[in-house]
Protein chains: 2
Amino acid sequence: MTDGISMNRQQLEQEHQTLRTQYEAFVQKGLRLDMSRGKPCTEQLELSMPMLQICDYMGEEGIDARNYGTLEGMPEARRFFADLLGTAPEETLVCGSSSLTMMYHMAELAMRKGFCESEGWGKGQSKFLCPAPGYDRHFRIAEYLGMELLLVPMHEDGPDMDLVERLVQDPAVKGIWCVPKYSNPDGYTYSDAVVRRLAAMKTAEPDFKIFWDNAYAVHHLCDEHEEVLNILDECRKAGNENRPLLFTSLSKVTFPGASVAALAASKANIEYIKANLMPAVISYDKMNQLRHVRYLKDMQGLAAHMEKHRAILAPKFEMILNKFGAAFGENSEIRWTKPKGGYFISLFTPKGCAARTVELCAKAGVTLTPAGAAFPYGKDPDGSHIRIAPSYPTLSELETAVELLCLAVKLAAVEKSLAEA
Amino acid sequence: MTDGISMNRQQLEQEHQTLRTQYEAFVQKGLRLDMSRGKPCTEQLELSMPMLQICDYMGEEGIDARNYGTLEGMPEARRFFADLLGTAPEETLVCGSSSLTMMYHMAELAMRKGFCESEGWGKGQSKFLCPAPGYDRHFRIAEYLGMELLLVPMHEDGPDMDLVERLVQDPAVKGIWCVPKYSNPDGYTYSDAVVRRLAAMKTAEPDFKIFWDNAYAVHHLCDEHEEVLNILDECRKAGNENRPLLFTSLSKVTFPGASVAALAASKANIEYIKANLMPAVISYDKMNQLRHVRYLKDMQGLAAHMEKHRAILAPKFEMILNKFGAAFGENSEIRWTKPKGGYFISLFTPKGCAARTVELCAKAGVTLTPAGAAFPYGKDPDGSHIRIAPSYPTLSELETAVELLCLAVKLAAVEKSLAEA
């Protein structure tokens, strides 16, 4: 396929006919594949089964993980996550199975009551910065709690900082969602300059918070590991140590939804957060904390475990990127990201073709994330973004699905050219 | 000891001297015992260790409990908890490890947004009915979220319903906390008449909610099991099926803080709750759900497991009740409850003596729940209530602790009589 733009109507119709025939052949296959979410595959889940053999639940300081108490998390788990997040154990809370739930709690707390520097975001108008494409569940939290979502374009080095710095001059702007490393869905890692600007910028809202979701901290796909600056350190240097809330979880290390999440922040924030968790939580599942820490041991053990995930995931990413190259290499209207880690690939179809592409795939049995899902309110201004989640299907299922996807993009593009011709 | 009232000053001083000497002997022992919370003891925790051998996490309907999804809980877990709560599986959500956290979520949701019948309790003044003595963590949730706490006296058959029916005529009264079976801390079970009145009463607030915390549903201490009417059924009969929110957990069945909690309500409420949990939760720890259900199997398996707990707990309760009888039998100013289940005993000292009793025990190394903790704002109008939590210490530790407690009550009473004489 060459650019639709350069074809005349007859050529377009011929091309449409060819693609349509190929597409019908896919429909005949009766596929049933789900590429909609970043779910690890069964093979990945099997990697962590030995963890369930852990049977010693007596922790440090004589803490029996099987009983109530120790809201802040097992000491050994706090140390583990502090190492992972680059924070001190006393700046780190180890929680239940979901970092998203912790983010929700923090946003809800901020709206209702505020953090140390305010009386609650919810008193007046609240807006939240949403670097996009981004994680739909982040945006949903802010929207659900009544905040207005402001789109900030994502670049290869992070959110558009010129725009961010301008927007935070509005006191209604309360915070920003960040997936700083191997971002969802682009797979971009924030540059040092971007992290420093986020840490140092002047915000009109004194209680401005960076929700720093380091979900893919150790989820490398290549030998070369991308690294991101420590946001808490950078904020501290800039005199804004209460600005960031750091989150991570082991959901894509062990068992999604049944792992352990952590939250880190300045000591003042941690004390405040603990006091505000206390009414709602007696203690988190410390048995699961101990199980994870005893199995993964330390950062070296974690890295070794993540290599096993990489061995399963990297070929899937590679295959997709190769197929995209083969299918779209000559088309200047189609581009895609080439992540060195994380769980997703962003595919940008010709403008306005994403929804039709997703629809064509669905009709042939392949579920993709809804077009636009990675943007505030589910609306992609260009109508071109599709989030690709390679992890769940097997490599051979994925091959078929991606062939269909490539075909669907082309078909949608030709349909558009025909409509415009 | 005979009633302090009937002694003259000299006799009182003699009695005080005698008790003081005995007390000093306790102080010398250097005890270090915690009877402050209803924590199961190590022997109880050991009962559930075989559960951790469960290694099959593939659930019904092909649901892999190890992956994301199924926010409402594993189908087999929903059935298990529905059986436990007397609800239908589709009226039952199986959640994370804490029922208290679910209660918090529901109260927070009600304040912020309301349930189906209102626009949020938080719009105007909010008051909450607190049958007392009651569970301090319940009261804390309502207080933390900005509600005014209204004390309703607890009777042997449940909360004072004449007062409840009068108070709910105020539209600011939004709900009531209930531990309907083997209540915390009295060990009382609501009578059928009380349950029916709660279900049928007219409330000025259309979105009035009964927070029905059936925490001790299967926690019997005697052959004779007390039972409580099904609140959802009774509310339905009375045309108020959206009124109750039922909670329970397996925290005192398996591992406190690391077990499974459930929430049940009318189908309309469950749909509403699910939609409002969705922004905050991807899915709960379904592995732990499956582990519990596969180990406990069904209501029979659960009952058999609870017999093992009873064998450990019942002697502790019995010993305490015997010692109270021996120490206070002749004193009309001191009374205590005699629970047939649950985790606590209420001890009522002579008026105004509870805080001093707790202080005396603390100084001799035995930590009790702070006096007044079982009342709204931590204030017992009579200053007489002490919550006794027999589960955690060993029987022999407990014997010593209770001897000290009995002595401390007497000493506090004599001190009071001396001050008044």
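All of these numbers come straight from a predicted model, not from anything done at the bench. (Residues numbered from 1 in each chain as written. Chains lettered and ligands numbered in written order. Predicted model: local features only at pLDDT ≥ 70, side-chain atom pairs only at ≥ 80, totals over all residues. Heavy atoms only, no water.)

Overview of helix H7 (residues 192-200) of chain B
All names here are of chain B. Here H7 has its buried residues at Val 194, Val 195, Leu 198 and Ala 199. Looking down the long axis of H7, one finds its buried residues gathered within 135° of arc, a one-sided arrangement. Packed against the buried residues of H7 are strand S5 (158-159), helix H6 (161-167), strand S6 (173-178), strand S7 (209-213) and helix H8 (231-237). (Buried < 20%, exposed > 50% of the residue type's maximum accessible area, 1.4 Å probe, protein only. Helix = DSSP H or I, 4+ residues; strand = E, 2+ residues; numbered from the N terminus. Arc of directions from axis to C-beta. Contact = heavy atoms within 4.5 Å.)

Focus on the confidence of the model for chain A
Here chain A averages 96 in pLDDT, while 99% of its residues score no lower than 70. Prediction confidence for the complex, expressed as pTM and ipTM, is 0.96 and 0.96 respectively. (pLDDT = per-residue confidence, 0-100.)

Structural notes on the pattern of salt bridges
One pass over the full model with this rule turns up 56 salt bridges over all chains. When the shortest N-O distance is used, the salt bridge between Glu 46 of chain A and Arg 66 of chain B registers 3.0 Å. Taken as a pair, Glu 46 of chain A in helix H2 (residues 42-46) and Arg 66 of chain B in the loop between helix H2 (42-46) and helix H3 (75-85) lie in two separate chains rather than in one. With relative accessibility at 43%, the residue Glu 46 of chain A sits in the partly exposed group. Residues Arg 236 of chain A and Glu 91 of chain A are paired through a salt bridge, measuring 2.5 Å at the closest nitrogen-oxygen approach. With Arg 236 of chain A in helix H8 (residues 231-237) and Glu 91 of chain A in the loop between helix H3 (75-85) and strand S2 (92-94), this pair connects stretches of sequence that are 145 residues apart. Here the residues in one salt-bridge network are Glu 91, Asp 233, Arg 236 and Glu 241 of chain A, joined through shared partners. (Salt bridge = Lys/Arg side-chain N within 4 Å of Asp/Glu carboxyl O.)

Some words on the layout of surface pockets
A water-sized probe, rolled over the atoms, reveals where empty space remains. Computed from the structure, the largest pocket encloses a volume of approximately 700 Å³. Lining the largest pocket are 35 residues; nearest its centre among them are Arg 37, Tyr 135 and Arg 137 of chain A together with Tyr 68 and Ile 282 of chain B. At the level of secondary structure, the elements contributing two or more residues to the lining of the largest pocket comprise strand S1 (33-35) and helix H4 (99-112) of chain A. In terms of residues, the lining of the largest pocket owes the most to one element, H4 of chain A, which gives three residues. By residue class, the composition of the lining of the largest pocket is 14 nonpolar, 12 polar and nine charged. Here the second largest pocket defines a volume of roughly 550 Å³. (1 Å grid on protein atoms, 1.4 Å probe; cavity = no way out; pocket = protein on both sides within 12 Å on 5 of 7 lines; lining within 4 Å. Points joined across faces, edges and corners; volume = space filled by probe spheres on them. Nonpolar A, V, L, I, M, F, W, Y, C, P; charged D, E, K, R; others polar.)

Thoughts on the interface of chain A and chain B
Each side of the interface is counted separately: chain A has 48 residues, and chain B has 48 residues. Joining chain A to chain B, the criterion identifies 18 residue pairs in polar contact (both at pLDDT 80 or more). Taken together, the elements giving at least two residues each to the side of chain A that touches chain B come down to H2, H4, helix H5 (136-144) and helix H10 (286-296) of chain A. Ranked by residue count, the leading element in the side of chain A that touches chain B is H4 of chain A, at seven residues. Taken together, the residues that form the side of chain A that touches chain B break down as 25 nonpolar, 11 polar and 12 charged. (Polar contact = N/O pair within 3.5 Å; in protein donor to acceptor, adjacent residues only side chain to side chain.)

Structural notes on the nonpolar core
Among the nonpolar cores identified, the biggest contains 80 residues, and Phe 211 of chain A together with Phe 211 of chain B are the most heavily contacted of them. Other than its neighbours up to four places away in sequence, Phe 211 of chain B contacts Met 103, Met 106, Ala 107, Trp 121, Phe 128, Ile 176, Trp 177, Cys 178, Leu 245 and Phe 247 of chain B. In terms of nonpolar packing, the next biggest core, distinct from the first, is built from 58 residues, Leu 52, Ala 77 and Leu 84 of chain A together with Ala 77 of chain B among them. (Core = buried A, V, L, I, M, F, W, Y, C linked by side-chain atoms within 4.5 Å.)

Observations concerning the relation of the copies chain A and chain B
Rotating chain A by 180° and moving it 0.0 Å along the rotation axis overlays it on chain B with an RMSD of 0.0 Å. As the rotation angle and translation indicate, the two copies are arranged about a two-fold axis. By residue overlap, the copies meet face to face through one surface: 100% of the interface positions of chain A are interface positions in chain B. (Least-squares fit on C-alpha atoms with pLDDT ≥ 70 in both.)

Topic: the state of the cysteines
For the structure shown, the criterion picks out zero disulfides over all chains. We note that Cys 55 of chain A lacks a disulfide partner, and the nearest cysteine sulfur, in Cys 55 of chain B, lies 14 Å from it. For Cys 55 of chain A, a relative accessible area of 53% gives the class exposed. Its sulfur unpaired, Cys 406 of chain A is 9.1 Å from the next cysteine sulfur, which belongs to Cys 361 of chain A. On the basis of relative accessibility, which here comes to 5%, the residue Cys 406 of chain A falls in the buried class. (Disulfide = S-S within 2.5 Å.)

Some thoughts on the packing of helix H1 (residues 9-28) of chain A against helix H12 (residues 354-363) of chain A
Residues and elements named next belong to chain A. It is at 9 Å that the axes of H1 and H12 come closest, and there the two elements cross at 45°. The angle between H1 and H12 falls in the class oblique. Residues Arg 20, Tyr 23 and Val 27 of H1 form the contact with H12, whose own contacting residues are Arg 356, Leu 360 and Lys 363. The class makeup of the residues in the contact of H1 with H12 is three nonpolar, no polar and three charged. (Axes fitted to C-alpha atoms, helices over the stretch in contact; angles between N-to-C directions. Parallel < 35°, antiparallel > 145°, perpendicular 65-115°, else oblique.)

Overview of empty space enclosed by the protein
Inspection of the entire model under this criterion finds 11 cavities of 30 Å³ or more. Lining the largest cavity are 28 residues, with Gly 96, Ser 97 and Tyr 284 of chain A together with Gly 96 and Ser 97 of chain B sitting closest to its centre. Sorting the residues of the lining of the largest cavity by element identifies H4 of chain A together with helix H4 (99-112) of chain B as the ones contributing at least two each. Its residues assigned to classes, the lining of the largest cavity comprises 10 nonpolar, 16 polar and two charged.

Remarks on the packing of aromatic side chains
Residue and element names in this part refer to chain A. Scanning the model with the defined rule gives 28 aromatic pairs over all chains in all. For the ring pair Phe 80 and Phe 81, a centre distance of 5.5 Å and an interplane angle of 80° mean the geometry is edge-to-face. Like Phe 81, Phe 80 is buried. Among the aromatic residues, those joined into a ring-pair cluster are Trp 121, Phe 128, Trp 177, Phe 211 and Phe 247. Here the guanidinium or amino end of Lys 39 rests over the ring plane of Tyr 392, the centre of that ring lying 5.0 Å away. (Phe/Tyr/Trp six-rings, centres within 6.5 Å; stacked < 30°, edge-to-face > 60°. Lys NZ or Arg CZ within 6 Å of the ring centre and 35° of its normal.)

Some words on unusual backbone geometry
With an omega of 5°, the peptide bond between Asn 184 of chain A and Pro 185 of chain A qualifies as cis. Tracing the backbone shows Pro 185 of chain A in the loop between strand S6 (173-178) and helix H7 (192-200). A positive phi angle, close to 45°, is found at Tyr 182 of chain B, a residue other than glycine. Here Tyr 182 of chain B shows up in the loop between S6 and H7. In this structure, Tyr 377 of chain B is a non-glycine residue whose phi angle is positive, near 60°. As for its position among the elements, Tyr 377 of chain B is in the loop between strand S12 (366-368) and strand S13 (385-388). The partly exposed category is assigned to Tyr 377 of chain B, whose relative accessible area is 39%.

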